Amino acid sequence: MSRPITAPGNWVVFPKPNPGARLRLFCFPYAGGGASIYYAWPRALPAEVEVCSVQLPGRESRLMETPYAAMPELVEKLYEVLLPFLDRPFAFFGHSNGAIMGFELTRLLRRRGRTLPVHLFPSGRPGPQVPLTDPPIHALPEAEFHRELRRFKGTPEEVLQNAEIMQLITPVLRADFSLSETYRYTPEPPLDLPISAYGGRTDDEVSEEEVDAWREQTTVAFRRHMFPGDHFFVNGDRDAVLATLSGELIEALHRLGGAPRG
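Now for a quick tour of the structure. All residue numbers refer to position in the chain's written sequence, counted from 1. pLDDT decides what is reported in this predicted model: residues at 70 or higher carry local features, side-chain atom pairs at 80 or more are listed and counted, and totals for whole chains, interfaces and linings draw on all residues regardless. To obtain the side-chain values, all non-hydrogen atoms of the structure were used and water was disregarded.

Comments concerning unusual backbone geometry
- Phi at Glu 60 is positive, roughly 50°, even though this residue is not glycine.
- Relative to the helices and strands, Glu 60 is located in the loop between β4 (49-54) and α1 (71-82).
- A simple rule labels every residue: compare its accessible area, found with a 1.4 Å probe on the protein chains alone, to the largest value its type can have, and call it buried under 20%, exposed over 50%, or partly exposed in between. What makes Glu 60 partly exposed here is its relative accessible area of 36%.
- Located in the positive-phi region is Ser 96, a residue other than glycine, with phi close to 60°.
- Each helix is a run of H or I in the DSSP string that is no shorter than four residues. Each strand is a run of E no shorter than two, and both are numbered from the N terminus. Along the chain, Ser 96 falls in the loop between β5 (90-95) and α2 (97-111).

Structure representation (structure tokens):
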């Protein structure tokens, strides 16, 4: 695989630059995750799809930058920085926090009269109108916050045991949990584009019914895909996720006209 290229401004990483792509797939990360989550994806997706992995402040190559802690401000910034890359057909995939980023960015594009994604792929997150029931943790004292992180199983134990690393990443994790826990859904008409919602059958955080709730957000086609794993099925069941996603992107390419290559 070619070396990932970061676009000017550091917000988008292209794991495998593809100037001739007919469709761009923008991928938004989960809490604590960075653009590298999606680096291997181009190998399993149609040749005419260019993966555009969103790199948020506060992680990986942007570790020393201040992370966003409020979804409205982040979505406004995403609109600003991603708009130049929306000059050809595109789709949004987002896992957990990233699902809300993609959804709210789509609604902002609609409010401002811009071109919308050809498909929205929310993953590992309840439909946005479903209120979260877990008590918020982003403002807990340090020891309690780290204890809750262990319960979520998203931070490796060796990282949780490393005081220096935890001192470095805790502000980012707090900000990411704040993005989710302070998010407030505002009702708007459903989107006129297909939505495919992905979930994990053993995910303790998101039930199948909550994944299914995304169907309320579209006037067009809706699909629900459930995979065997837990909340991080997007990593644990990656081959199955990518096979499913690939099939749906091929359908999107057909809708755009012409037969996909590869």
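A few points about the nonpolar core
- Grouping buried Ala, Val, Leu, Ile, Met, Phe, Trp, Tyr and Cys residues that are joined through side-chain atoms within 4.5 Å yields what is termed a nonpolar core. Counting 39 residues, the largest nonpolar core has Phe 26, Phe 28, Leu 78, Leu 82 and Leu 105 as its most contacted members.
- Of all the secondary-structure elements, those providing two or more residues to this core are β2 (12-14), β3 (23-28), β4, α1, β5, α2, β7 (195-200) and β8 (222-227).
- Note on contacts: a residue pair is in contact if any heavy atoms of the two residues lie within 4.5 Å. The residues touching Leu 105, leaving out its near neighbours within four places in the chain, are Phe 28, Val 75, Leu 78, Tyr 79, Leu 82 and Phe 92.
- Cys 27, Ile 37, Ala 91 and Leu 249 belong to the second-largest nonpolar core, a separate cluster that totals 24 residues.

Brief notes about empty space enclosed by the protein
- Put simply, the grid is 1 Å and covers the protein atoms alone, a cavity is a trapped set of points that fit a 1.4 Å probe, a pocket is an open set with protein on both sides within 12 Å along at least five of seven lines, and lining residues have an atom within 4 Å of a point. Grid points are joined across faces, edges and corners, and a volume is the space filled by probe spheres set on the points. Here the structure, examined in full by the defined rule, presents one cavity of 30 Å³ or more.
- Quantified by volume, the largest cavity comes out at close to 30 Å³.
- In the scheme used here, Gly and all other residues not listed as nonpolar or charged are polar, with Ala, Val, Leu, Ile, Met, Phe, Trp, Tyr, Cys and Pro taken as nonpolar and Asp, Glu, Lys and Arg as charged. Looking at the lining of the largest cavity residue by residue, the classes come out as six nonpolar, no polar and two charged.

Here's the deal with the layout of surface pockets
- Of the pockets and cavities examined, the second largest pocket occupies roughly 210 Å³.
- Classifying every residue of the lining of the second largest pocket by side-chain character gives five nonpolar, two polar and six charged.

Quick word on the environment of Gln 129
- Along the polypeptide, Gln 129 turns up in the loop between β6 (120-123) and α3 (142-152).
- Linking Gln 129 and Leu 168, residues 39 residues apart in sequence, is a C-alpha distance of 33 Å.
- Setting aside residues up to four positions removed in sequence, Gln 129 forms contacts with Tyr 185, Ala 213, Glu 216 and Gln 217.

A word on α1
- Helix span, as expected, comes to 1.5 Å for every residue beyond the first. With 12 residues, α1 ought to run about 16 Å at 1.5 Å a step, and its terminal C-alpha atoms sit 16 Å apart, in line with that.
- Looking only at α1, the buried set comprises Met 71, Leu 74, Val 75, Leu 78, Tyr 79, Val 81 and Leu 82.
- Of the surrounding secondary structure, the elements contacted by the buried residues of α1 are β2, β3, β4, α2 and α5 (163-181).

Description of the pattern of salt bridges
- The term salt bridge refers to a pairing of a side-chain nitrogen on Lys or Arg with a carboxyl oxygen on Asp or Glu at a separation within 4 Å. Tallying each qualifying case throughout the model produces 18 salt bridges.
- The partner of Arg 107 in a salt bridge is Glu 188, with the nearest N and O atoms 3.9 Å apart. Taken as a pair, Arg 107 in helix α2 and Glu 188 in the loop between α5 and β7 lie far apart in primary sequence, 81 residues in all.
- For Arg 107, a relative accessible area of 2% puts it in the buried group.
- With a relative accessible area of 22%, Glu 188 lands in the partly exposed category.
- Because the salt bridges share partners, they merge into one network encompassing Glu 104, Arg 107, Arg 110, Arg 111 and Glu 188.

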